[in-house]
Amino acid sequence: MSRLTVHTLDSAPADSRPFVERAIASNGFLPNLIGVLAGAPLALETYLTVSGINARASLSLAEREVVQITAATIHGCEFCVAGHSAIALKKAGFDKAGVIALQRGEPLGDPKLDAVAAFARAVIAHRGAVPDAALREFEGAGYGEQQALEVVLGISLATLCNFANSLAQNSVNPELDAYRPAVLQA
């Protein structure tokens, strides 16, 4: 049970309805995050706009999902961990063991993806002021300044949805329940 209103298409403010309709069409259901953000049309528009921008990053979908799952895990957002675990499994080519490793903050065994996860953890832990060694390790895995800033972009997106879910105390939609850490790791 959310402590903030989880809007439906009918209850959402008029300015949020086009975004809610898009989310339903895209997902086949209305994620509770979108229902909550609908209560603040600009927050919902920002989330969807930044999501679209993040999708155009030079980082691959798999790399972007590493950032999202890493951030959601650190921020304690079970909703986002579940949602991005579903994307990682269904669209980004991860296997179940890889997603579980991400959920646990463990290495994936892929040097590039492990470098993205480590760098995302460092960015969050140091609020962007990562040690030189962390940036060098990221660059040593084949990434440059553009990708470093795109990790920050992904974390900014994650922070918006992680914190909104935490504020709302959103429950995980039934459609995402199978991807929650407690269920996926069972």
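Please refer to the structure higher up on the page.
No experiment lies behind these values; they were computed from the predicted model shown. Residue indices begin from 1 for each chain and proceed along its sequence in written order. Local features in this predicted model are restricted to residues whose pLDDT is 70 or higher, and side-chain atom pairs enter the listing and the counts only when it is 80 or higher, whereas totals over whole chains, interfaces and linings include all residues. Values shown for side chains rest on all heavy atoms present in the structure; no hydrogens or waters enter the calculation.

Undergrad: Pulling in residues and values, what's your account of the pattern of salt bridges?
TA: Salt bridges are identified by distance alone: a Lys or Arg side-chain nitrogen within 4 Å of an Asp or Glu carboxyl oxygen. With the rule as written, the count across this model stands at two salt bridges. Salt-bridge contacts for Glu-78 lead to Arg-180; the nearest nitrogen and oxygen are separated by 3.0 Å. Linking Glu-78 in helix α5 (residues 78-90) with Arg-180 in the loop between α9 (145-168) and α10 (181-184), this pair joins segments that are 102 residues apart in sequence. Judged by its relative accessible area of 19%, Arg-180 is buried. Between Arg-180 and Asp-177 there is a salt bridge, with the nearest N and O atoms lying 2.6 Å from each other. Per-residue accessibility, obtained with a 1.4 Å probe over protein chains only, is compared with the maximum for each type, and a residue is labelled buried under 20%, exposed over 50%, and partly exposed between these values. Residue classification places Asp-177 among the partly exposed residues on the basis of a relative accessible area of 30%. In the salt-bridge network here, residues are joined through shared partners; they are Glu-78, Asp-177 and Arg-180. Helix and strand assignments follow DSSP, with helices taken as H or I runs no shorter than four residues and strands as E runs no shorter than two, numbered in order from the N terminus.

Undergrad: An account of the packing of aromatic side chains is requested, with residue identities and associated values reported.
TA: Two rings belonging to Phe, Tyr or Trp (six-membered ring only in the last case) form a pair when the distance between their centres is within 6.5 Å. Interplanar angles under 30 degrees mark stacking, angles over 60 mark edge-to-face geometry, and anything in between is tilted. Summed over the entire model, instances satisfying the criterion amount to two aromatic pairs. Look at Phe-119 and Phe-138: their rings are 4.2 Å apart centre to centre, the planes differ by 15°, and that puts the pair in the stacked class. Taken together, the positions of Phe-119 in helix α7 (residues 111-125) and Phe-138 in helix α8 (residues 132-140) put the pair 19 residues apart, joining distant regions of the chain. For Phe-119, a relative accessible area of 5% gives the class buried. For Phe-138, a relative accessible area of 1% puts it in the buried group. Geometrically, a charge over a ring is one whose NZ (Lys) or CZ (Arg) sits within 6 Å of the ring centre while staying within 35 degrees of the ring normal. A cation over an aromatic ring shows up here: Lys-112 above the ring of Tyr-143, its NZ or CZ 4.1 Å from the ring centre.

Undergrad: Explain the environment of Leu-4 residue by residue, including any values.
TA: Turning to its location among the elements, Leu-4 is positioned in the segment before α1 (17-27). Note on Leu-4: relative accessible area 33%, which makes it partly exposed. Separated by 33 residues in the primary sequence, Leu-4 and Leu-37 have C-alpha atoms spaced 9.5 Å apart.

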